Amino acid sequence: MLDNIQLLFVWAPIINVQIILEGIFLGAVFALSAYGLALVWGVMNIKNLAQGDFVIMGGYLSLAFSQYNLSIFLILPLVMIIMFFYGLIVYRLMIRRVIDQDMFTSLLATFGLSLLMQQVMNLIWGPEVQIIDLDFPVYDAFDGFVTIPSIKIISLILAGMLSLGIVLFMKKSRTGQAIRATAQDPRAARVLGIDTDKIYEFTFSLNSAICGAAGVFVSVIWVLQPFYGITYSVRSFAIVTAAGLGNLPAVITAGFGIGLFEKYVGAIIGTAYEVAAPVSMLLIVLVFRQISMKKNRQAVK
Amino acid sequence: MTTKKTILTYTGLGLFGILGPFLFPAYTLSIAYLWMMVLMASTWDILGGQMGYNSLGNITFFGIGMYVSAVVQISVFYPGGVAEYTSAMGSIKPEFSNNQYFTGLYLGILAAGIIAMLFSLVFGSFMFGLRGPYFAIGSLGLAIAAAEITTTIDYVGGASGISMPLFPGDIEFRSVFFYVLCFLITLTAHFLLRWLFSTQFGLAINAIRDDEDKAEAMGIPTRIYKQIGWGITAFFMGAMGAVAGNMAGFIDKEVAYPIPTFGIFMVAMVLLGGKGTLWGPVLGAIIFHVIKETTWTYLLGWQWVALGLILIVNIVYFQQGLMGWLQSRYPEMFGIVVDKTNLQTKEQSKA
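These numbers come from a predicted model, not from an experiment. (Residues numbered from 1 in each chain as written. Chains lettered and ligands numbered in written order. Predicted model: local features only at pLDDT ≥ 70, side-chain atom pairs only at ≥ 80, totals over all residues.)

1. Here we look at the overall build of chain B
Counting secondary structure elements, chain B contains 16 helices and two strands. Principal-axis analysis of the C-alpha atoms gives chain B an extent of 75 × 50 × 40 Å. Contacts in chain B between residues at least 24 apart in sequence constitute 79% of all its contacts with a sequence separation of at least 6. (Helix = DSSP H or I, 4+ residues; strand = E, 2+ residues; numbered from the N terminus. Contact = placed C-beta atoms within 7 Å.)

2. Section: the overall build of chain A
Summing up its helical and strand segments, chain A has twelve helices and two strands in all. Put simply, chain A runs from its N terminus to its C terminus through helices and strands in the order α-α-α-α-α-β-β-α-α-α-α-α-α-α. Judged by the C-alpha coordinates and their principal axes, chain A covers about 65 × 55 × 40 Å. For chain A, the proportion of its 301 residues judged to be buried stands at 46%. A separation of at least 24 residues holds for 76% of the contacts in chain A among residues at least 6 apart in sequence. (Buried ≥ 20, exposed ≤ 12 C-beta atoms within 10 Å, placed from the backbone.)

3. Quick word on unusual backbone geometry
All names here are of chain A. Located in the positive-phi region is N45, a residue other than glycine, with phi close to 60°. Using a count of 16 C-beta atoms within 10 Å as the deciding quantity, one classes N45 as partly exposed. The phi torsion at N69 lies on the positive side, around 60°, for a residue other than glycine.

4. Focus: the packing of helix α4 (residues 72–98) of chain A against helix α9 (residues 196–221) of chain A
Residue and element names in this part refer to chain A. Direction vectors running N to C along α4 and α9 enclose 140°, while the axes themselves pass 7 Å from each other. Relative to α9, the element α4 lies oblique. In this structure, α4 crosses over α9, and the sense of that crossing is right-handed. Across the contact of α4 with α9, the residue classes break down as 18 nonpolar, six polar and one charged. (Axes fitted to C-alpha atoms, helices over the stretch in contact; angles between N-to-C directions. Parallel < 35°, antiparallel > 145°, perpendicular 65-115°, else oblique. Left-handed = near helix turned anticlockwise from the far one by under 90°. Nonpolar A, V, L, I, M, F, W, Y, C, P; charged D, E, K, R; others polar.)

5. Regarding the interface of chain B and chain A
Across the boundary between the two partners, chain B contributes 31 residues, which contact 36 residues of chain A. Considering each element in turn, the side of chain B that touches chain A owes the most residues, twelve residues, to helix α6 (residues 132–151) of chain B.

6. Looking at helix α13 (residues 279–298) of chain B
All names here are of chain B. Under the 1.5 Å per step criterion, the end-to-end length of α13 is 29 Å for 20 residues, consistent within 8% with the ideal 28 Å. If you check which residues of α13 are buried, you get G280, P281, V282, L283, G284, A285, I286, F288, H289 and K292. Those residues of α13 that are buried are in contact with α2 (28–51), α12 (259–273), α14 (303–317) and α15 (321–329). (Expected span 1.5 Å × (residues − 1).)

7. Let's talk about the environment of B:G169
Structurally, B:G169 is set in the loop between β1 (162–163) and α7 (171–197). Residue B:G169 is classed as exposed on the basis of its 12 C-beta neighbours within 10 Å.

8. Examining the confidence of the model for chain B
Residues and elements named next belong to chain B. On average, residues of chain B score 84 in pLDDT, and 93% of them are at 70 or above. Mean pLDDT per element in chain B: helix α16 (residues 340–350) is the minimum at 61, and helix α10 (residues 222–248) is the maximum at 93. ipTM for the predicted complex: 0.81, alongside a pTM of 0.85. (pLDDT = per-residue confidence, 0-100.)

9. Considerations on the packing of helix α3 (residues 51–66) of chain A against α9(A)
All names here are of chain A. Running from amino to carboxyl end, α3 crosses α9 at an angle of 55°, the nearest separation of the two axes being 6 Å. Put simply, α3 runs oblique to α9. Our pair here, α3 against α9, has a crossing hand that is right-handed. Contacts between α3 and α9 pair Q51, F54, V55, I56, M57, G58, G59, L61, S62 and L63 from the former with S208, C211, G212, A213, A214, G215, V216, V218 and S219 from the latter. Partitioned by chemical class, the residues of the contact of α3 with α9 number eleven nonpolar, eight polar and no charged.

In structure tokens, the structure reads:
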């Protein structure tokens, strides 16, 4: 561990550049799925524990499409459309019935959904770790110390454009305004003629599509495995708990933060802790929230 | 419930518990797992049903108990120590005499319970400021973190696990022995809970469930009650983990921290039976186990999908559980007095 720290900060500080870049690439994906979670959580008070499995499912869909030699610019919208309708089906069959119930019900129901999706993906695509190998050039910098695959940069740019699009959509369009109105006060929104059930449906499907997009990025810059979903869910929860609902800049910052944290933990302590890192991060965030709430004699609700 | 019915139920379950392994010798271990699941559901209900703290991480104590008992059992009578045993990766098979094995086992179970309880105090110190969904997510995180951190400790075998000491005696005696252990632990837990829920403790934790802030304002030391409740859960989960580890014969991360299986089954069982009642978890566990065993047998490969579906249907469509449904349908059976005139006026005012 000490050797690793020395390597990073004394012998070859240039490796930091690589780690920071990797952290930013990952952080963009985390920020996307966390934003979807915050959206659903804020609008309809559903805590979606299957968030990570939506991401993984998007990744596997992208894997399936890439076998037909489609370009990523085509795969991305295709996966988003399919995931949108998948979210619609899940909402109609399941989520609609747990909206009015207490919060633990939604948590447990989505946990059940998460198990189900994991197992079905396991049956379809098998339990092996899979990667997509797209033919994109890899750039070297700093005498080969830092390698930057151009696909990662493309993903980062696409993710940035996507989140910009979502922000504009939420701010400017009528549906976006209706979603924000429903999040603020569903009853008043209903009185003013907004069909809140339709809005819930749309929000959940939109979240599913966002997760699908995140999954496409995961599939091209990282690895896929049917049971990795839960770590994405935990990361999303950590980010949302730290950043709060509906605060997009904070969500993005926290996403990059957790991406960097994970990469540094992996580099310094060892890759065996890569799953433990986001989970411990969640616990640390929860403990800090408690301490700050306790000053006002309140609990984290 | 009237006393006569209670006695009948206890006699029936007790007879089944005692005669089960003799009547169905092929299913002894399966029935042992049934009692294990009854225990898991009943202890989950202390926090989840009676106190309103929905934990998804009680399985942590199960795993801690399993590892603690393994360390105790090996270190008490094996002179080389645990580190040597685990680094040999199962190639060392120490010969324990009968006396040594059973002493080690009982010590291991006891230590597992106590140390799991101590861990619950530590976890509780930073977990009980969380409420509702945050507690659930936090405790799930706790379980995942515990599982991941255990695999990095080389002292207990790391990712390659530990093989438990061999049981002296033949295989039939082995299953009956572990069956009796499971049954006794579950029985003890059941009667302890039955007594606890009838005391001031039961009232206090119900008050916490109904409104924690008011309960605190009324002068109930909520933190202490929460710690005691989780401590009892942890003790029994730890002890049962120790027994389950010996039953499995080999432990690693998947056996010790079965988060997606037992960790979530215990919640599903309680919801199936009806939470917040003494008998709901027992009933739910029995039904769930029967469903699980049958689907396991006939749906090769798809059993997990079937279980996920059962879980979702149970939670989404059948929230109140069997006992809840019975209670609202036949309230007299549970000694709940329903004011008929009041009900009628209510219905009239509705109409």
